[in-house]
Amino acid sequence: MDLEARSLQPNVKAVLLAKLREYKSDLNNLKSEHKRLASANSNQAARDDLLESGMADAMSSNQRGRLMMSTERLNESSDRIKESRRTMLETEELGVSILQDLHQQRQSLLHANDTVFLLLKVPYRLHLLTGKFEGKDERKRLMRKGGRKNK
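Residues numbered from 1 in each chain as written. Predicted model: local features only at pLDDT ≥ 70, side-chain atom pairs only at ≥ 80, totals over all residues. Heavy atoms only, no water.

**Q** Is there a simple way to explain the overall build of the chain in this structure?
**A** For the chain, the count of helices and strands is four helices and two strands. The order of α-helices and β-strands along the chain, N terminus first, is α-α-α-β-β-α. Expressed as a percentage of its 151 residues, the buried residues of the chain come to 6%. In the chain, the proportion of contacts linking residues at least 24 apart, taken out of those at least 6 apart, comes to 5%. Accessible surface computed for the chain: about 13,800 Å², of which carbon and sulfur atoms make up 58%. (Helix = DSSP H or I, 4+ residues; strand = E, 2+ residues; numbered from the N terminus. Buried < 20%, exposed > 50% of the residue type's maximum accessible area, 1.4 Å probe, protein only. Contact = heavy atoms within 4.5 Å. Areas by Shrake-Rupley, 256 points an atom, 1.4 Å probe, with all protein chains shown as cover.)

**Q** Sorry, what's going on with the pattern of salt bridges here?
**A** Side chains that differ in sign of charge can pair as their charged atoms come close. Following the criterion strictly, the structure yields two salt bridges and no others. The closest approach of N and O atoms between Arg86 and Glu90, which form a salt bridge, is 2.4 Å. Placement of the pair is Arg86 and Glu90 together in helix H3 (residues 55-121), with a separation of four residues, close to one helical turn. One continuous salt-bridge network, built from bridges that share partners, spans Glu83, Arg86 and Glu90. (Salt bridge = Lys/Arg side-chain N within 4 Å of Asp/Glu carboxyl O.)

**Q** Would you take a moment to explain the confidence of the model for the chain for this structure?
**A** Note that predicted coordinates carrying low pLDDT should not be read in detail. Looking at the chain as a whole, the pLDDT averages 77, with 63% of positions reaching at least 70. Confidence, read as mean pLDDT per element, is least for strand S1 (residues 125-126) in the chain (52) and greatest for H3 (87). (pLDDT = per-residue confidence, 0-100.)

**Q** Explain a nonpolar patch on the surface to me, please; I cannot follow it from the model alone.
**A** On the surface, Leu94, Ile98, Leu99 and Leu102 cluster together into a nonpolar patch covering about 400 Å² of accessible area. For Leu94, the position within the fold is in helix H3. (Patch = residues over 30% accessible without salt bridge, like charges linked within 9 Å, V, L, I, M, F, W, Y side chains within 5 Å.)

Shown next, in the form of structure tokens:
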């Protein structure tokens, strides 16, 4: 058809070639739609065969059982994760508390160390309560006792 249209006169040739292109385009569209419908029908036919064979019920119950087991394991794992997170938060709070206590103890020790250092650094000082001067002997006694006073 294409060869015959090309061999005709130019005024008729243009009209026939345009119609021919339109027909070819329609034919290609119909072919692609036919392939699409044929593949959809073959998939549907295979699915229908599977459902008719009775295997679908067995597979569905088997799959349902596996799905329920998997869901149960997932829920148990989620509970364990929640419990672990709660334990982690409690441990973190305890650690913060311990660090605060250690900081306070460190501050007390530093203050005590500074006090002893000041007591030992001054060679002679007037004791505020007794009004007596304390000298080097008193410093030695304080060093031996670690800065504790007599009771």
